[in-house]
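Below, each chain spelled out in residue letters.
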Amino acid sequence: MGKQTAIHEQVLITQSTQALMELDAKWASDYDRNVNETWGYSGPDRTRYGLSKYLEPEGARVLDAGCGTSFVGVALSSGRCRQIDGVDYSQPMLRETAKKGVYQHLERMNLNIALPIDTGVYDDVTCVGTFTSAHVVPEALNERVRVTRTDGIVCCTVREESWQHTYFSEVLDRIIRAETAKLLALCEEPYVHSEHSICKMVVLQVERP
Ligand SMILES: C[S@@+](CC[C@H](N)C(=O)[O-])C[C@H]1O[C@@H](n2cnc3c(N)ncnc32)[C@H](O)[C@@H]1O
């Protein structure tokens, strides 16, 4: 793997949510600078582009699950999305995000457990850069689907190593076989250019009545 900052290397080998949150607390104020100066991070822009094929951004109510410091919110705003909520488990990341003013509502939530959000309230849910190492477990995809309305879109990236070494694809298959959601796209996208890494991008359309 190519160039990473030391803290990013630690984040990728972290084993627990608690240890990850401690690292994120140290990283939050430098995260934007790291990403902008060294990563060449295309996940947020690829997500905006991927979604633009399926979602009319104006008027859409979007949840950015694992919003970090708001790269996805900024990308979606530039694509005419105006009603974006953000959730993340790291309070310091949420504080950085609040400074940008792109999210209507921000809340601290653990994405690995049931979300305190009603079923089917969002037109679109994004989850970018969070299905990776010790971050968000594959089963959490079920909750992303649950909070999305019928015919709404769920768009997530899965770091290639996580795709290979977790059971994400099995969770995805179960959702598709249960006809809870239909697979609109599953493709490889460039991810962090300094690492030469790629991710899988998954786009689902929710079918549940
Ligand atoms: C690599 S950052 C990606 C942030 C943003 N989506 C982006 O693309 O820049 C991963 C984010 O996932 C959050 N995260 C990790 N585990 C989480 C969990 N269990 N619940 C909610 N957020 C979590 C971290 O706090 C961090 O902000």
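Conventions adopted
Throughout this description, residue numbers start from 1 for each chain and increase along the sequence as written. Local features in a predicted model are, by the rule used here, given only for residues with pLDDT of at least 70; side-chain atom pairs are given and counted only at 80 or more, and totals for whole chains, interfaces and linings are based on all residues. A helix here means a DSSP run of H or I that spans at least four residues, while a strand means a run of E at least two residues long, and both kinds are numbered starting from the N terminus. The atom set for the radius of gyration is the C-alpha atoms, and the globule formula is 2.2 Å times the number of residues raised to the power 0.38. For every residue, the other C-beta atoms within 10 Å of its own C-beta are counted; 20 or more classify it as buried, 12 or fewer as exposed, and values in between as partly exposed. C-beta atoms are placed from the backbone. Working definition of a contact: two residues with C-beta atoms, positioned from the backbone, lying within 7 Å. For the purposes of this analysis, a nonpolar core is taken to be any set of buried Ala, Val, Leu, Ile, Met, Phe, Trp, Tyr and Cys residues that are connected through C-beta atoms within 7 Å. A pair of strands is treated as paired once DSSP finds two or more bridges between them. We call a residue near a molecule or strand if the C-beta atom, set from the backbone, is within 6 Å of it. Note on residue classes: Ala, Val, Leu, Ile, Met, Phe, Trp, Tyr, Cys and Pro are nonpolar, Asp, Glu, Lys and Arg are charged, and everything else, Gly too, is polar. Helix axes are fitted only over the stretch in contact, all axes being lines through C-alpha atoms; the angle between N-to-C directions runs from 0 to 180 degrees. Any angle from 65 to 115 degrees is called roughly perpendicular, while one under 35 is roughly parallel, one over 145 is roughly antiparallel, and all others are oblique. Should the near helix be turned anticlockwise from the far one by less than a right angle, the crossing is left-handed, and should it be turned clockwise, the crossing is right-handed. Think of it as the arc spanned by the lines of direction from the helix axis to the C-beta atoms.

Side note on the overall build of the chain
Now for step 1: Each helix and strand in the chain was counted, giving eight helices and seven strands.
Now for step 2: For a compact globule of 209 residues, the expected C-alpha radius of gyration is about 17 Å, and the chain comes in at 16 Å, within 12% of that figure.
Now for step 3: If one aligns the C-alpha atoms of the chain with their principal axes, the spans along those axes are about 45 × 35 × 30 Å.
Now for step 4: Every one of the 209 residues in the chain was classed for burial, and the buried ones make up 42%.
Now for step 5: Within the chain, contacts between residues at least 6 apart in sequence are counted, and of these 70% link residues at least 24 apart.

Describing the nonpolar core
Now for step 1: Ranked by internal contacts, the top residues of the largest apolar core, which has 52 residues, are Val-154, Cys-156 and Leu-204.
Now for step 2: The element that contributes the greatest number of residues to this core is strand β7 (residues 198-206), accounting for six residues.
Now for step 3: Setting aside anything within four residues of it in sequence, one finds Val-154 in contact with Val-125, Arg-144, Val-145, Thr-148, Ala-181, Leu-204 and Val-206.

Digging into the pairing of β7
Now for step 1: Counted residue by residue, β7 has seven buried out of nine residues, so it is predominantly covered.
Now for step 2: Bridge count between strand β5 (residues 148-159) and β7: seven bridges; the pairing is antiparallel. Within β7, the position partnered with Ile-153 by the bridge is Gln-205.
Now for step 3: Sheet topology places strand β6 (residues 181-190) next to β7; nine bridges connect them, and they run antiparallel. Its bridge partner lying in β7, Ala-185 is registered against Val-203.

A word on the site of the ligand
Now for step 1: Taken together, 22 residues lie around the ligand, and Gly-68, Tyr-89, Ser-90, Leu-111 and Gly-129 are the ones closest in.
Now for step 2: Put simply, the parts of the chain that give the shell around the ligand at least two residues each are α2 (17-39), α3 (43-52), α4 (71-78) and β4 (122-131).
Now for step 3: Considered class by class, the residues forming the shell around the ligand number 10 nonpolar, 10 polar and two charged.

Regarding the sheet that holds β7
Now for step 1: Spatially, the seven strands line up as an open sheet ordered β3-β2-β1-β4-β5-β7-β6, and their pairing is mixed. Two strands in the sheet have a free side with no partner beyond their single neighbour: β3 (105-108) and β6. Neighbouring strand axes in the sheet, compared pairwise and without regard to direction, differ in orientation by 15° on average.
Now for step 2: Two elements, strand β1 (residues 61-65) and β4, share three bridges in a ladder whose sense is parallel. Residue pairing across strands places Leu-63 opposite Val-125, the latter belonging to β4.

A word on the packing of α3 against α4
Now for step 1: Relative orientation of the contacting elements α3 and α4 amounts to 40°, with a least axis distance of 8 Å. Accordingly, the angle class assigned to the pair α3 and α4 is oblique. For α3 against α4, the interelement crossing comes out right-handed. Residues Pro-44, Asp-45, Thr-47 and Arg-48 of α3 form the contact with α4, whose participating residues are Phe-71, Val-72, Ala-75 and Leu-76.
Now for step 2: Looking at side-chain class alone, the contact of α3 with α4 contains five nonpolar, one polar and two charged residues.

So, α3
Now for step 1: Counting buried positions over the 10 residues of α3 gives seven, a clear majority of the element.
Now for step 2: Of all the residues in α3, the buried ones are Gly-43, Pro-44, Arg-46, Thr-47, Arg-48, Gly-50 and Leu-51.
Now for step 3: Tucked into the core, α3 has its buried residues touching α4, β4, β5, β6 and β7.

Overview of helix α8 (residues 168-177)
Now for step 1: Turning to α8, its buried residues are Phe-168, Leu-172 and Ile-175. One side of α8 carries all its buried residues, which in axial view fall inside an arc of 60°. Opposite the packed face of α8, turned more than 90 degrees from it, sit the exposed residues Glu-170, Asp-173 and Arg-177.
Now for step 2: Directly beyond the C-terminal end of α8, a positive phi value near 60° is found at Glu-179.

Structural notes on the environment of Pro-190
Now for step 1: Looking at the secondary structure, you find Pro-190 in strand β6.
Now for step 2: With 15 C-beta atoms packed within 10 Å, Pro-190 lands in the partly exposed category.
Now for step 3: Sequence separation between Pro-190 and Gly-40 is 150 residues, and the spatial gap between their C-alpha atoms is 9.7 Å.

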